[in-house]
Amino acid sequence: MTKAAKNVLFIMADQLRWDYLSCYGHPHLHTPNIDRIAKMGVRFNNAYVQSPFCGPSRMSTYTGRYCRSHGATWNGVPLRVGERTLGDHLRKIGVNPVIVGKTHMSPDVEGMEWLGIDPESNTGIHLSECGFEPFERDDGLHPNSGYDADPAYNDYLATKGIESPNQWDDHANSGLDADGNRLSGWLLKYSNLPADVPEELSETPYMTRRAIDFMEQAGDQPWLCHLSFIKPHWPYIVPAPYHDMYGPEHVIPPVRSDAEKDTDHPVFKAYINSRICKTFARDEVRDRVIPAYMGLIKQIDDQMGKLLDYMEEKGLMDNTMIVVTSDHGDYLGDHWMGEKDLFHDQSVKVPFIVYDPRPEADATRGQVRDELVEAIDLAPTFLNYFGGEAKPHILEGRNLDTLLHDPAKPVKWRKFAISEYDYATREAREMLGVTSDKAQLFMIRDARWKMVHAEGFRPMLFDLENDPQELIDLGGDADHKAECARMSDALFAWARQHHNRITVTPERLDKMMANREPPGIVIGYWDEAEYEAGTGRKYGDWS
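Parameters and conventions
- Sequence order as written defines residue numbering, which begins from 1 separately in each chain.
- Note on the predicted model: pLDDT of at least 70 is required for a residue's local features to be given, and 80 or more for side-chain atom pairs to be given and counted; whole-chain, interface and lining totals, by contrast, use all residues.
- Excluded from the side-chain calculations are hydrogens and water; all other atoms, namely the structure's heavy atoms, are used.
- By the criteria applied, helices consist of DSSP H or I runs no shorter than four residues and strands consist of E runs no shorter than two, each listed in order from the N terminus.
- Three exposure classes are used, based on accessible area relative to the maximum for each residue type with a 1.4 Å probe and protein chains only: buried under 20%, partly exposed in between, and exposed over 50%.
- Contacts between residues were defined by any pair of non-hydrogen atoms, one from each residue, lying within 4.5 Å.
- Methods summary: accessible areas were calculated by the Shrake-Rupley approach with a probe of 1.4 Å, and residue burial reflects only the protein chains presented.
- The positive count covers Lys and Arg only, the negative count covers Asp and Glu only, and His and the chain ends enter neither.
- Charged side chains are reduced to one point each, which is NZ for Lys, CZ for Arg, CG for Asp and CD for Glu.
- The patch calculation keeps residues exceeding 30% relative accessible area without a salt bridge and links them within 9 Å when they carry like charges or within 5 Å when they are nonpolar (Val, Leu, Ile, Met, Phe, Trp, Tyr).
- For this analysis, a salt bridge means a side-chain nitrogen from Lys or Arg found within 4 Å of a carboxyl oxygen belonging to Asp or Glu.
- Working definition: a ring pair exists when centres of Phe, Tyr or Trp rings (six-membered ring for Trp) sit within 6.5 Å. Plane angles under 30 degrees give stacked, over 60 give edge-to-face, the rest tilted.
- Geometrically, a lysine NZ or arginine CZ counts as sitting over a ring once it is within 6 Å of the ring centre and also within 35 degrees of the ring normal.
- Note on disulfides: each one is a pair of cysteine sulfur atoms within 2.5 Å.
- Pairs of strands are assigned from DSSP output, requiring at least two bridges between the strands.
- The span expected for a helix works out to 1.5 Å for each residue beyond the first.
- Angular values range over 0 to 180 degrees, each being the angle between N-to-C directions of two axes fitted as lines to C-alpha atoms, with helices fitted over their stretch in contact.

Caption draft 1: Quick peek at the overall build of the protein. Helix and strand content of the protein: 20 helices and 14 strands. Classification of the 543 residues of the protein by burial places 57% in the buried group. Taking the contacts inside the protein whose residues are at least 6 apart along the sequence as the reference set, 72% of them involve residues at least 24 apart. A total of about 23,000 Å² of accessible surface is found on the protein, and carbon and sulfur atoms cover 51% of it. Each charge class in the protein was averaged separately, 59 positive and 86 negative side chains, and the resulting centres sit 3 Å apart.

Here's what the structure looks like:
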């Protein structure tokens, strides 16, 4: 690889909470290698994903567009054919966009069939892989999930002598009891067991090596490598020695209050009374799951160290932007919740670290910033980094350069962050008796307030200045009606923006305005003289 080539290493860890890294303040989980990237770059304290669930969050990150714009609002909802992605934009300017790991992409098979596109053609493959070139696509899910039923990882384990109908499920995500009985990591009770796979053969080291394999083969063409770790997403099980590095004594007390359980908000009440949330709210579950979750993160950090050492040895740190983030968090029993279904910071706020190797970023190295950034900001940032023209009519995020470079320069930045959630397939919708078209939640937050618009119900409102743990919902408080109205107006203003006029650039629109009508179209002129006086052109001259 030539030194002149610019590259991007875009790292996403699935379901990684923002506060489970030592650079973000975790008291027990030390992540020196991710911290190392933060010291070289900028760490953002207020980064939000555009949906707190895998599929829609990733589709927003990959398209640089909000959920209401791209339409893939839930896991398994295909990203429609024609929705351009980061990979599409980069390929057009000569950059090789590669995926190593998970995308959670569901291809629009019907759309491709309608347009006569062969899914096995280059175009079909790119449409099926979020625009990425699949060096190694691996969503790591169970064969019945509908995503990747036979990942190459299984074949790899087979070459190492691990034989099974599904090595990923039976070994990498299962453990053995003292009697040799195989116990599934899907069941939370067994999260304390070591996964039945040698550590060096487990998913995270394997995927790290595959990223290195790509870099070894990359050649001189600039590239973006999206290294997308499957972990620390469930199943919560990790190989030795990480399985017992942490114990219940390292589990931080849950962020929750008894008053939350007595909430009068129907949506929040439905969630905390749902089966998954009631399970994760149990202390015995937290004490069993969280140490494994921490072990999975520690393993990722150790692998990050090996990857960074390789890049330094090969001289790649001088010309490769590195981003570390997540697609969403994990409640882990906080707010009496499990999974990541609502908009507390445990779910929708993510770690967001950017190392920019360019000299322009030297003044901000090690800086921490509090501006509201969104996952959709990555797409325009990457495009700009590679020298591509801005596409504000398509990409709804903002180029982060103004925050990554001169710290003394005044920055005009966004006042609000937006996230969306479609709960049409969730248990809460059934409990509420809501129709699928009304099962919508929107979050908007500014420097102080966070409001959740729940279609058909009152809003939820949190004062992040006086209640940073989001324990007190003020949405039903008469004294805060004005604040709710202000936030609702801001959300409505965002909703009224052009989200889908993506085929015409602003420059073309300005030209259309200047020319008024297409050549040969004459509207509202009385005669030739009036036309010529009004346009400065001779009637009949359509050039």
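On we go.
Caption draft 2: Inspection of a nonpolar patch on the surface at higher detail. Together, Val 522, Tyr 525, Tyr 539 and Trp 542 line one region of the surface with nonpolar side chains, adding up to about 350 Å² of accessible area. The topology assignment puts Val 522 in the loop between α19 (506–515) and α20 (528–535).

Caption draft 3: Focus on the packing of aromatic side chains. Following the criterion strictly, the structure yields 25 aromatic pairs and no others. Ring geometry for Tyr 66 versus Trp 494: centroids 5.1 Å apart, planes at 80°, classification edge-to-face. On the criterion of sequence distance, the pair formed by Tyr 66 in the loop between α2 (54–63) and α3 (67–70) and Trp 494 in helix α18 (residues 481–495) is long-range, its members being 428 residues apart. Both residues of the pair, Tyr 66 and Trp 494, belong to the buried class. Positioned above the aromatic ring of Trp 336 is the side chain of Arg 256, whose terminal nitrogen or guanidinium carbon lies 4.1 Å from the ring centre.

Caption draft 4: The state of the cysteines, seen in detail. Within the structure shown, the criterion is met by zero disulfides. There is no disulfide at Cys 54, and the cysteine sulfur nearest it, in Cys 67, is 12 Å away.

Caption draft 5: Examining the pairing of strand β14 (residues 460–463) more closely. Residues Met 460 and Phe 462 of β14 are buried on one face, and the alternating residues Leu 461 and Asp 463, pointing to the opposite face, are buried as well. Note that strand β13 (residues 449–454) and β14 share four bridges and pair antiparallel. Opposite Lys 450, over in β14, you have Phe 462 as the bridge partner. If you look at the hairpin formed by β13 and β14, you'll find five residues sitting between the two strands, and Gly 456 has a positive phi there, around 90°.

Caption draft 6: Fine view of helix α13 (residues 283–313). Compared with the 45 Å implied by 1.5 Å per residue over 31 residues, the 45 Å span of α13 between its first and last C-alpha is a close match. Burial runs high along α13: 22 of the 31 residues are buried. Phi for Gly 315, located one or two positions after α13, is positive at around 75°.

Caption draft 7: View of the sheet that holds strand β8 (residues 320–326). Ordered in space as β4-β3-β7-β1-β8-β9-β2-β10, the eight strands form an open sheet in which the pairing is mixed. Both edges of this open sheet fall to β4 (133–137) and β10 (367–374), since each of them pairs with a single strand only. For this sheet the average axis-to-axis angle between neighbouring strands, irrespective of direction, equals 20°. The sheet contacts of α13 involve β1 (7–14), β7 (223–232) and β8, and relative to β7 the element is tilted by about 155°.

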